[in-house]
Amino acid sequence: MSASATAHAGAAGAEPDLYGLVAEFDSVEALETAADAAREAGYRSMDAYTPYPVEGLDEKLGMEPTRLGWVVLAAGIAGALLGFGMQWYANVVFYPLNIGGQPLNSWPQFIIITFEMTVLLSAFTAGLYMLGRNGLPRYHHPIFSTPNFAAASRDRFFLCIEARDARFDPTAVRTFLEKHGPVRVSEVAS
Amino acid sequence: MSDDANPTPTLQSIRERLDGTKGRTFWKGLDEVADTDAFRSFMAEEFPRQAAPLESSLHRRDFLKLLGASLALAGLSACARPEAPHDKIVPYVETPEQMVPGRPLFFATAISDGGYAEGLLAESHQGRPTKVEGNPDHPASQGATSAVSQATVLTLYDPERSQAISEGGAARGWDQLAAALSDLGDGERVAVLTETVTSPTLARQIAELKDAYPGLRWHQYDPTHADGAVLGAREAFGRDLTVVPHFDRADVVLSLDADFVQTGPGRLAHAKAFAARRRVRSADDAMNRLWMAESAPANTGTLADHRLALDPAGVAGLAAAVAERLGVAAPSAPRPAALEDAWLDALIDDLQEHRGSSLVVAGHDQPAAVHALTHAINDALGNLGETVTLHEPVEARPESHLDSLRDLVAAMNGGEIGTLVITGGNPVYTAPADLDFAAAMDRVDTTVHLGLYRDETGMRADWHVPETHHLESWSDVRAFDGTATIAQPLIRPFYGGRSPHELLALLAGDPDASAHDLVRATWRERIDGDFEAFWRRAVHRGAVPDSAAPSVDGLSVSDVSGLNLPQGGNDLVLLLRPDPSLGDGRWANNGWLQELPKPFSKLTWDNAALLSARTAERLNVRNEDRLELTASGRTLTAPVWIQPGMADGVVLLHLGFGRDAAGRVGAGVGVNAYRLRASDAPIVAPLAAAKASGRTRLASTQLHQALAGTGERRHIVRHGTVADLQAEPDHPTFVHPVAHHDYDLYENFAYDGSAWGMVVDMTVCTGCNACVTACQSENNVPIVGKDQVLVGREMHWIRVDAYYGGSVDDPDFYQMPMACQHCEKAPCEPVCPVGATLHDHEGLNVMVYNRCVGTRYCSNNCPYKVRTFNYLQYAELSSNATEQSLAANPDVTVRSRGVMEKCTYCTQRISRARIQAGNEDRKIRDGEVVTACQAACPTDAIVFGDLNDEESRVAQDKRSVLNYAVLEELNTVPRTTYLAHVRNPHPALAERGTGAA
Amino acid sequence: MGVRSGSVETQRAIRPGYDPAGIDDTVNAPVLVGVGRTAAWWWIGFGISLALLGLYLASVVVLVTQGVGIFGNNQPVAWAMPIINFVWWIGIGHAGTLISAALLLFRQPWRTSINRFAEAMTIFAVVCAGLYPILHLGRPWVFYWLLPYPNTYGLFPNFRSPLDWDLFAIGTYASVSVLFWFIGLIPDLATLRDQSRTRAQRILYGILCLGWTGSAKAWQRYQRAYLLLAALSFPLVLSVHSTIAMDFAVSVVPGWNNTVMPPYFVAGAVFAGFAMVLMLAIPLRKAFHLEGMITMRHLDNAAKLMLATGMIVVYGYFVELFDAYYSGLEFERFMALNRVFGADHWWAFWLLIACNLVAIQPLWLRSVRQNPWALFGISVIVSIGMWLERFVIVAITLTKDFLPSAWGGYVPTFWDWSLYAGSFGLFGTLFFLFIRLLPSIATSEMKELAHHDAHHGSDPFEEIRQDVHAKEARS
């Protein structure tokens, strides 16, 4: 009772302080069914926290596929142009020199550096884009205040329905979550 | 400190003397102080380095380095009023008034080598001599130089030269020496020992001395003096004569162990003259023929068309055989086994076909009998007056130096000598061991030694006087043909030396006479008319006009059948010869010469017992084993080096090594061959040899030399005969053994200005090494020391590769100067990650030292391996510099550790010419740019110039059918190419192996 | 733990019964224990490594003060041990990237348990390798002149030089490897953060994991990025050793100028790399009791790859010899003969044949492939053999090239050896720190794998197991 009371209080007064309601499961299956149900129930702003990637969980949560691939492709092309351009410019335009009697634009000798520049730019774009879009590095995240959240990186699975969801109502969400046999459901302040 | 009556003052006492004085008088006062012997001795002992400039030239400003070293000197230099030099020296091309900073001046002078002049032009940068070139106006050099005279620039600055007059090690002054030598009585107990004297001034001074002191004895000793030649001429002609061969007039030359291009007076002139008759560009060019009999491979042997390796007795035997066949009443000598009839027949035919245009020469160190017999043969061939001319003797007193020394030592041991004055030379080291000169010196009350170094003799002598370097003093000296040169100094005595002239003047009681005045006095006597005009012209040209020795005609050779020739009969003989680099040992402390790879063996930093493969087998030794050599009752252990081309049964050991008191560079290097030198067998001695325990590592710069096998298939050295050339005049197979097509994916860079290139004529290259030292001097190439040479890190920019063709027992020799080939498609350039080596607009492959990070990839990718790398700090940097670094050429960077370097085609000389031509708004003329190696080369084997100038010599030579590029199949398009090696064997004899190798 | 070779269990990438928590405890326990309870063997190993590292630093000091002259290099042998060791180390690195990248792309989940330390090995090997080219410079302190920027005279480095290609290739390889490795570490660092026992650990791993939450959205991007990095690393690793091979292939030096170099260098790199993987994995699994995760199956597969690449390398040797003969060039033919029969160094060639051809033949037998000690021994021999190969290619080739007048010899000096021995100290120090401070097995991936095995009941290695059953049936 007291729990629901505080929930009401929170819903009434401290609504903006609430980040969301988090259910802790001890198996992937439970998490997956809960996720399915949540999407059918119309919840959109939600996320799951698991110790390892769970195949298909992102679709279950109705997430868009990432655009990372295209960004990396663009970076790769940029790297190739930059790599070759640098060599061509340095040898043909900026400071033409007679080296071993070879033509200024001896392009076969520029291929390797061009290739390496391609890989360098695309690889770092992939890594940094991933970190950036995931908001990393990050000093703090409300979800960390979830009870027993440490287990999220070990062997427990968490589903969070966030307060910013249009259809969010603490009581309804709690009852909804309780339905799927979580270890516990807890409110997480933002 | 000395402990005699005249105690050397302390700095304290000098200060006390100075404290009294004030103001200007203070300086005057210090001058006075400084001028006393006492002060000088004090300086010499407390600050040896500073003593020198103090002694010689208080006011010289040339060497900032030497000023400001002590309170006294700093004061003096700061306040001295600049004074004009005492005596005027005359620049070769420009007068000092026109001196432009950065542009060197050239002064004509000469080096005396074995008493004979080699005319030089010394290059001086703001009063600092850095390089010598040959004097084109001098008959003995004709523009060329020897490796040794190039290297003497380094000796000039050698910090280990003696720097103060000393008596028993304690510093003394000139006046004190004068005092010590003031009482000579009637000269009865006085002896003067000189080296070979050709100098008119020395001769005059000695003559005057003898007038003043009738009893005075004059002896000469030079360990390399050609006693045999002097006595041989006497035997043959009954009087003293100087015999001059003329190789430019000879079609056929028979050399009886005469290394005439490398040893003896006039060698440079002879090399030039001989090569002039050997220059082949096309099938139409005539070529002389050289028959060579030699006991050990010598540079001249490289040129031989027919070479016979004979032991010394065999050489005499050949002479006898030839004489007999030519109908000369000759003494008998056993005919050498190696001499085949066919060979002798062909030789005799050749000589007889060329009566009057043939030439027989006997070696510098051949015995008198062989020389006399040689004169007889030339007489019989009608060569006298044609290819051989006779002249009044050039030496002041031609004699056997060995006899002269023997007499002197006898007198010394007999206690007849009270005062012995040695004006140069190092007899304690160089005298035959059995004479024991050192012991004899102890029997003399006062011995005075004049020398560049306080050497073995200087240590033993009571008095030692530092001698002037030949670039430091006025003198005069005569060339092989008698032409006199008035040698002028380039610089005041750097370490305060005295010249022999001044020492003799002191002996004559005139201690203040200057060499300048003495030399002038000599010539004033001889010149009537405007003396000053004569003086200026003579000094300026570097050769006194018409001073050649007058020729003596109408002489014929008397009967020589009575001579006794060496009969041989020893199965093993020792042959003692001066080292090709160090001479009799006087240059032992010269690093350039120590590290100069000896011809053929390419040994550095050592002498070794050189012997043939067969002899080595007989003695059961390998390279670097040790041999215990016993000759004339003395024993010496020397390392072994197997030298193809040595006559069997001959062991050659070079003199000049194993010095005790040579200095840090030369002391203890190699073994002292003089220990085996006996006065009755000074050159050839019966030998007993046995393998000794242990091994000695020898630092040879070239390990693989045989052309056989893979060497042959690489087509590096391409050689053939005149016959081969005439058979295929347009496209000789031996020049282009394999078809080569230069396909290329890229179109070539255009060089529309100058395009520098070089051609090397292998036919006339004698491997004399002059180019190597010249390059070292011009380009500040550092030496690395024996240990580094052993690792394989020698730094020479140009090396002379030696290859042997034919068999190990009877090889042909090939010399291939190898420096950066300046490939137009240089493999070294694209692989440098920082672009430190690249092409300039005239096609030079340039090396940017300060951009080089030292990956050494360029060296790996250089097919010619002509790049050298500063693995350690070899060059002297300002931080660790000694006076030695003053020999550096200011126009060339001194390289630091960790950078690659290589031949630059003397780019600094090209720039100088380019600027000159630019100022005069004209093109650079052919021959205006002369590389250091080209300038030094006595046989003009190296030609450099602009390939875009159709008329240039180099362009013409490149059009020769003999022209080829080494490793042309790599399509590196080298700017340096070679003219295939051509020999001219006698048609009657089986031709030597031809084809490419 | 005794392992029954050939049994079904040993064919698995992870033994059943490992739940996620179990994986954590096995892998992370040794990382999280207090300093006081660090295993004795670790201290010993770390101490030896530090000692060698000291030798390394001492050698570097002497090198920089005295100059490269302290090495045995000369003219003509301008490249020698520093370059040999450089190629050797860089080769070792390759296996790590191949395991983590190539096998991931080829969907070989068994890689999971060894990729973490294999990647670490890669990075540390690249560190050891990368320092050599700098140290062997005549003027090491200006190595940065190779970087692509115009100097005060407006001069760029020479992009035509294979050495500049090396700079880009190795630079890219090193940085991408580190990125790949670190990204793989993030979830495990989060695990360590959550399981840390001390405040220090919590701060350390908390910072390192960048605040990873393990949200589904994050995992989605994470997996895509990881896959792309793998896809990029694979061609990259092939390009790196090919580029290094070009240092030799594009030169004119007989024995270097040969198109077989790049593929044969890459094969050699994988060959040496897997040898090193085995030399590290075999003791590691014992020490940390990881036999359940680094199973016989891993050793067996690594051994097979070693055998395959080894035979490719040997093929390379014979192609070289054939090319030399077929080229018809005296220089090439002489070089080939000189390597094989040359008076000074013939032993090196025959020794490397013994190491790289003869010694690996036992790997055809499964009994050998599944005997850790035999594998360890063979791996050591192979590492020596690959060093000798580089010795023959780099040093001996240079002793005798075009002009006989310029031929020379080569003898390494004390400092050549001390810098080589020291580089093991550098590698060891880094590696011991790694196994002490970071999970040497990717736990999150292992959990995924275990989840696969357990829950879906399906075994990614079903077919292999069938095949093994068949074999056993026959025998």
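Throughout this description, residue numbers start from 1 for each chain and increase along the sequence as written. Whichever chain is written first is A, and whichever ligand is written first is 1; the rest continue in order. The predicted origin of the model limits local features to residues at a pLDDT of at least 70 and limits the giving and counting of side-chain atom pairs to 80 or more, whereas totals for whole chains, interfaces and linings rest on all residues. Derived side-chain values reflect all non-hydrogen atoms in the structure, with water molecules and hydrogen atoms excluded from consideration.

1. Describing the overall build of chain A
And then number 1: What chain A contains, in helices and strands, is 6 helices and 4 strands.
And then number 2: In this description a helix means any DSSP run of H or I spanning at least four residues, a strand means any run of E spanning at least two, and both kinds are numbered starting from the N terminus. Along chain A, from the amino end to the carboxyl end, the secondary structure elements read α-β-α-β-α-α-α-β-α-β.
And then number 3: Only the C-alpha atoms count toward the radius of gyration. The rule for a globule is 2.2 Å times the residue count to the power 0.38. In summary, chain A has a C-alpha radius of gyration of 26 Å against a globular reference of 16 Å for 190 residues, an excess of more than 25%.
And then number 4: By principal-axis analysis of the C-alpha atoms, chain A measures approximately 90 × 35 × 30 Å.
And then number 5: Relative accessible area decides the class of each residue, using a 1.4 Å probe on protein chains only: under 20% of the type maximum gives buried, over 50% gives exposed, and in between gives partly exposed. Within chain A, the fraction of its 190 residues that count as buried is 51%.
And then number 6: Any two residues having at least one pair of non-hydrogen atoms within 4.5 Å are treated as being in contact. Considering only contacts within chain A whose residues lie at least 6 apart along the sequence, 77% involve residues at least 24 apart.
And then number 7: Counting only carbon and sulfur atoms, one obtains 62% of the accessible surface of chain A, whose full area is about 8,700 Å².
And then number 8: We treat Lys and Arg as the positive residues and Asp and Glu as the negative residues; His and chain ends play no part in the count. To locate a charge, take atom NZ for lysine, CZ for arginine, CG for aspartate or CD for glutamate. Here chain A carries 13 positive and 20 negative side-chain charges, and the mean point of each set is 2 Å from the other. Calculation of accessible area relied on Shrake-Rupley with a 1.4 Å probe; when residues are assessed, cover is drawn exclusively from the protein chains displayed.

2. Details of the overall build of chain B
And then number 1: The number of helices and strands found in chain B is 31 helices and 40 strands.
And then number 2: Within chain B, the proportion of its 997 residues that are buried is 65%.
And then number 3: Relative to all contacts within chain B whose residues are 6 or more apart in sequence, the contacts with residues 24 or more apart total 74%.
And then number 4: When the accessible surface of chain B is summed, it comes to about 33,800 Å², and 50% of that surface belongs to carbon and sulfur atoms.

3. Describing a nonpolar patch on the surface
And then number 1: Patch membership is restricted to residues that have no salt bridge and whose relative accessible area is over 30%. Joining uses 9 Å for like charges and 5 Å for the nonpolar side chains Val, Leu, Ile, Met, Phe, Trp and Tyr. We define a salt bridge as a side-chain nitrogen of Lys or Arg found within 4 Å of a carboxyl oxygen belonging to Asp or Glu. Together, A:W88, A:Y89, A:V93, A:F94, A:Y95 and C:Y153 make up a nonpolar patch on the protein surface, roughly 620 Å² of accessible area in all.
And then number 2: Here A:Y89 is to be found in helix α4 (residues 68–94).

4. Notes on the sheet that holds strand β38 (residues 976–979) of chain B
Residue and element names in this part refer to chain B.
And then number 1: Ordered in space as β36-β29-β38-β37, the 4 strands form an open sheet in which the pairing is mixed. Each end of this open sheet is capped by a strand with a single partner; those strands are β36 (942–946) and β37 (963–964).
And then number 2: The pairing criterion is simple: DSSP has to find at least two bridges between the two strands. Across 2 bridges, β37 lies against β38 in antiparallel orientation. Across the sheet, N963 pairs through a bridge with L979, a residue of β38.

5. Concerning the interface of chain B and chain A
And then number 1: Contact with chain B, which involves 10 residues of that partner, is made by 9 residues of chain A.
And then number 2: Together, the buried faces of chain B and chain A total about 930 Å²; carbon and sulfur atoms form 65% of this surface.
And then number 3: Put simply, buried area is the surface a 1.4 Å probe can reach on two separate parts but cannot reach once they are joined, added for both. Contact with chain A buries area across many residues of chain B, yet B:Y746, B:F749 and B:P830 alone supply 56% of it, more than any other trio.
And then number 4: Remark: the boundary between chain B and chain A carries 0 salt bridges.
And then number 5: For the purposes of these results, a polar contact is taken to be a pair of N or O atoms within 3.5 Å, where, inside protein, one atom must be able to donate a hydrogen and its partner to accept one; residues adjacent in sequence count only when each atom of the pair is a side-chain atom. At the boundary of chain B with chain A, the tally comes to 3 residue pairs in polar contact (both at pLDDT 80 or more).

6. Quick notes on the nonpolar core
And then number 1: Of all hydrophobic cores here, the largest spans 270 residues; its most connected members are B:M816, C:W89 and C:F117.
And then number 2: Element by element, the count of residues in this core is highest for helix α8 (residues 261–287) of chain C, at 17 residues.
And then number 3: Listed in part, the 62 residues of the second largest apolar core include B:V261, B:L326, B:L373 and B:L384. Throughout, nonpolar core names a set of buried Ala, Val, Leu, Ile, Met, Phe, Trp, Tyr and Cys residues whose side chains join them through atoms within 4.5 Å.

Function cannot be inferred from these measures alone, as they are strictly geometric.
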